[in-house]
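Tertiary structure, described
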Amino acid sequence: MNPINQEVLKPLASKYVWWKTPDEAVSTPQRVIAQVMNIGDYADVQAMAEQVGDDVLRDVLSQAEAGQFDARSWAYWHYRLGLASVDHVPALPVRRFA
């Protein structure tokens, strides 16, 4: 993933990754971005998308871990980023136990 300006993500990290300090949260920017993509409000999502760009959002989706997205957000972002056609959204990531 391309380097992301962590300062841009700190306000979002404090709001959407509340269980960590903003500095801790932005050390894994893809986690902050995924959280905003999943539960962010419209204004925050639009501002973040403008700042990081669609390529970064696609990278976050392609590397998503189980539980990071709900089904609605998963489908929305795949359609929004041109990664799915009608009724052909990839399955959500799942946890696998050995």
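Heads up: these notes are all about the structure in this document. These numbers come from a predicted model, not from an experiment.

A word on helix α1 (residues 6-16). The set of residues buried in α1 consists of Leu9, Leu12, Ala13 and Tyr16. Down the axis of α1, the smallest arc covering the buried residues is 110°, so these residues share one side. Turned more than 90 degrees away from the buried face of α1, the exposed residues are Glu7 and Pro11. Buried residues in α1 make contact with α2 (22-25), α3 (29-39) and α4 (42-52). For α1, the capping residue at the N-terminal end is Asn5, with a side-chain oxygen 2.9 Å from the backbone nitrogen of Glu7.

With that settled, consider unusual backbone geometry. Backbone geometry places Asp87, a non-glycine residue, at a positive phi of 65°. With respect to the secondary-structure elements, Asp87 resides in the segment after α6 (71-80). Take Asp87: its relative accessible area is 68%, and that puts it in the exposed class.

About the cut-offs
Residues numbered from 1 in each chain as written. Predicted model: local features only at pLDDT ≥ 70, side-chain atom pairs only at ≥ 80, totals over all residues. Heavy atoms only, no water. Buried < 20%, exposed > 50% of the residue type's maximum accessible area, 1.4 Å probe, protein only. Helix = DSSP H or I, 4+ residues; strand = E, 2+ residues; numbered from the N terminus. Arc of directions from axis to C-beta. Contact = heavy atoms within 4.5 Å. Polar contact = N/O pair within 3.5 Å; in protein donor to acceptor, adjacent residues only side chain to side chain.

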